[in-house]
Amino acid sequence: MTQKHLDVAFIGGPQYDALYRRLPQFEREYGYAVNVHVQLPHPTLNAHIDEVYGAGSATYDVISTHVKYAPAQQQWLLPLDAHFSDAELADFSPALLKLARLDGALVQIPRTVDARILFYRKDLWSDPVEKERFQRQYGRTLAVPRTWDEVRDIATFFTRPPDLFGFAFPGHSSGLFGSFFELVAMAGGTLFDEQLNPSFNTAAGRWALGFLADLYQQGLTPRDLAATYFDEVSQLFRDGKCALAADWPAYYGLLTDPQTSTVADKFGVALYPEGPAGTRAVYAGGHSFAIPMSVKDMDGALALVRFLTSPESQYVEAQTGAIVPRSAVMARVRGETPVGTVHAKRLALLEETIQSHILTFPKFVAYPQVEEVCAETLQAAIRGQVMLPRALEYMEQQVRDVLA
């Protein structure tokens, strides 16, 4: 007798893979073989999903997606409202469930909540020699940066290539565009008006792009933008090669593990710095699982999604540092975290960030395409290949072309 099986496509990476170690338990309990056909970084996974569904060759029962990317995939995703009761969803974050809906329909079940905070090399900040040198050079006490201008100063002070850079940021694709989006918002600007017209060729846009270009052109951040994404930024900080970095919750387990981090006991955490407008804005969203139209076994697919987003599964993810949408799981994690530790402070800062400083993305089908085309122009401007004012003009035209 042929065993029942499910075909899946998942996001991959060390910050996500702990959950998949539960798949053998699902197979034993439910009698399915789970065939993981691909396990890819998110940009690559999105391209794969677009390719196979666009060609009509997809055979997946469950896929990883994200509240930001689901609008572009909506034509291939099944609505799930009829399969999940209010009681089943009662423990999930209402804000994340709202993001998981498209045109009112629930098309994905939230997995984790993404928001970045600032990580810094506490050992450098507490070094008497560094403190005295900074005081002499800048006329003030070395402290965790409260503004992005202070980030620039600290990045300048600590940059000592090739062993140490001041700050690192993702240099391509959605990571670069998202960083630009945050900085524009913190300078008092916006990417789009209410009619989705591009509106970032402003003083706020010029400051945001100029800030990133200064970091790169002054050598305060690693030079290979094309090879630096979120994974690499996190790795640079874990390797002790970066004084400051903004990082996602799911990488925290790697940061605190001495086997994967040279700074496991040498870092501190802080809120995002404020921008020129005196505000913080943190680009955020959440990973999720969805059931596509290619599903062959709906009962099996639903069972797998429920299993992967169950309290037990979300607790596994939370233990690696992820922030999960189930309130009871996060309450359990907070209760198990010793008061006064850097771990407790991190949880408190993430909670404050999610409650007060979240910057959400506009929901429209072409948004991922906008990210990609604009990121290419941003990268060229940061490298000095395109003048900054011209780059913003060109980006706005790119957005109009995509939306047209």
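Everything that follows concerns the structure shown earlier in this document.
**Q** Honestly, the pattern of salt bridges in this entry has me stumped. Any pointers?
**A** Think of it this way: side chains of opposite charge can pair up when their charged atoms draw near. With the rule as written, the count across this model stands at 21 salt bridges. Residues Glu130 and Arg160 are paired through a salt bridge, measuring 2.8 Å at the closest nitrogen-oxygen approach. In this pair, Glu130 is assigned in helix H8 (residues 128-138) and Arg160 in the loop between helix H9 (148-158) and strand S8 (165-168), connecting sequence segments 30 residues apart. Residue Arg160 is classed as partly exposed on the basis of its relative accessible area, which comes to 28%. Measuring nitrogen to oxygen at the nearest pair gives 3.2 Å for the salt bridge that ties Arg332 to Glu336. Highlighted residues: Arg332 and Glu336, both in helix H16 (residues 327-336), separated by 4 residues, approximately one helical turn. Judged by its relative accessible area of 44%, Arg332 falls in the partly exposed class.

**Q** Any chance you could explain the sheet that holds strand S1 (residues 4-11) here in plain terms?
**A** Two strands in a sheet stick together by hydrogen bonds in their backbones, pointing the same way (parallel) or opposite ways (antiparallel). Taken in spatial order, the 5 strands line up as S2-S1-S3-S12-S6 in an open sheet, and their pairing is mixed. For this open sheet the edge positions go to strand S2 (32-40) and strand S6 (109-110), each flanked by a neighbour on one side alone. Two strands pair when backbone bridges link them, and S1 and S2 are joined in this way by 8 bridges, in the parallel orientation. Across the sheet, His5 pairs through a bridge with Ala33, a residue of S2. The strands that helix H3 (residues 42-54) touches are S1, S2, strand S3 (62-66) and strand S12 (287-290); relative to S2, the one it contacts most, it runs at about 115°.

**Q** What is the right way to look at the nonpolar core in this model?
**A** Looking at soluble globular proteins, one finds that nonpolar side chains tend to be buried together. Core analysis: the biggest nonpolar cluster contains 89 residues, and Trp125, Trp148, Phe158, Phe167 and Phe180 have the highest contact counts within it. Counting residues in each nonpolar core, the second largest holds 46 residues, with Tyr16, Phe26, Leu45 and Ala290 among its members.

Calculation criteria
Residues numbered from 1 in each chain as written. Predicted model: local features only at pLDDT ≥ 70, side-chain atom pairs only at ≥ 80, totals over all residues. Heavy atoms only, no water. Salt bridge = Lys/Arg side-chain N within 4 Å of Asp/Glu carboxyl O. Helix = DSSP H or I, 4+ residues; strand = E, 2+ residues; numbered from the N terminus. Buried < 20%, exposed > 50% of the residue type's maximum accessible area, 1.4 Å probe, protein only. Pairing = 2+ DSSP bridges. Contact = heavy atoms within 4.5 Å. Axes fitted to C-alpha atoms, helices over the stretch in contact; angles between N-to-C directions. Core = buried A, V, L, I, M, F, W, Y, C linked by side-chain atoms within 4.5 Å.

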